[in-house]
Amino acid sequence: MSDWIKTTDEKIIMIYGNSDPWYAVRINDVARDNVHIFVHPSNNHMSAITLFPEAQRNQILNLLVEYLLK
């Protein structure tokens, strides 16, 4: 998957919690405009957009609106 993510044009938002088991095998930071990775600083696999700090939550929501309206 790490090779695919470096070349895809798909719009991707990855959400992890800092204590999430999936965080251990996360996609590493990719310098692409279409790939966005958010890590909740103190949550686990149950991380939700609404639980993120306001600045990150707004960024995620703005990306979702942008992606859904295009």
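Model, not experiment: these values are computed from the prediction. (Residues numbered from 1 in each chain as written. Predicted model: local features only at pLDDT ≥ 70, side-chain atom pairs only at ≥ 80, totals over all residues. Heavy atoms only, no water.)

Visitor: Pulling in residues and values, what's your account of the side chain of asparagine 34?
Guide: Note on placement: asparagine 34 falls in the loop between strand 1 (12-17) and strand 2 (35-40). Engagement of the side chain of asparagine 34 in a polar contact is seen with the backbone oxygen of threonine 8, the distance being 3.0 Å. A distance of 2.5 Å separates a polar side-chain atom of asparagine 34 from the backbone oxygen of glutamate 10. Ignoring any residue separated from it by four or fewer positions in sequence, one finds asparagine 34 in contact with Thr8, Asp9, Glu10, Lys11, Ile12 and Tyr67. (Helix = DSSP H or I, 4+ residues; strand = E, 2+ residues; numbered from the N terminus. Polar contact = N/O pair within 3.5 Å; in protein donor to acceptor, adjacent residues only side chain to side chain. Contact = heavy atoms within 4.5 Å.)

Visitor: Report on the confidence of the model for the protein chain, specifying residues and quantitative values.
Guide: For the protein chain, per-residue confidence averages 85 on the pLDDT scale, and residues scoring 70 or more make up 97% of the total. In the model of the protein chain, helix 1 (residues 2-7) stands out as the element of lowest mean pLDDT, 80, in contrast to helix 2 (residues 54-69), which has the highest, 95. (pLDDT = per-residue confidence, 0-100.)

Visitor: Could you give me a rundown of the environment of arginine 32, with the residues and numbers involved?
Guide: Mapped onto the elements, arginine 32 comes out in the loop between strand 1 and strand 2. In this structure arginine 32 comes out as partly exposed when scored by relative accessible area, which is 23%. Placed 21 residues apart in sequence, arginine 32 and lysine 11 show a C-alpha to C-alpha distance of 9.8 Å. Look past the residues within four positions of arginine 32 in its chain and what remains in contact with it is Ile5, Lys6, Thr7, Thr8 and Asp9. Within the structure, arginine 32 has its side chain in polar contact with the backbone oxygen of threonine 8 (distance 2.8 Å). (Buried < 20%, exposed > 50% of the residue type's maximum accessible area, 1.4 Å probe, protein only.)

Visitor: Account for the environment of isoleucine 12, with residues named and values stated.
Guide: Here isoleucine 12 lies in strand 1. Residue classification places isoleucine 12 among the buried residues on the basis of a relative accessible area of 10%. Separated by 25 residues in the primary sequence, isoleucine 12 and isoleucine 37 place their C-alpha atoms 8.2 Å from one another. In this structure isoleucine 12 touches Trp4, Ile5, Asn34, Val35, His36 and Tyr67, once residues within four positions along its chain are discounted.

Visitor: An account of the environment of methionine 14 is needed here, citing residue identities and associated values.
Guide: Relative to the elements of secondary structure, methionine 14 occurs in strand 1. Counting along the chain gives 34 residues from methionine 14 to alanine 48, while the straight-line C-alpha distance between them is 11 Å. If we skip the residues at most four places from it in the chain, methionine 14 touches Ile27, His36, Ile37 and Phe38.

Visitor: How would you summarise the side chain of histidine 40 if you had to cite specific residues and measurements?
Guide: Tracing the sequence through the fold places histidine 40 in strand 2. Residue histidine 40 is classed as buried on the basis of its relative accessible area, which comes to 6%. Excluding residues within four positions of it along the chain, histidine 40 makes contact with Tyr16, Gly17, Asn18, Ser47, Leu51, Phe52 and Pro53.

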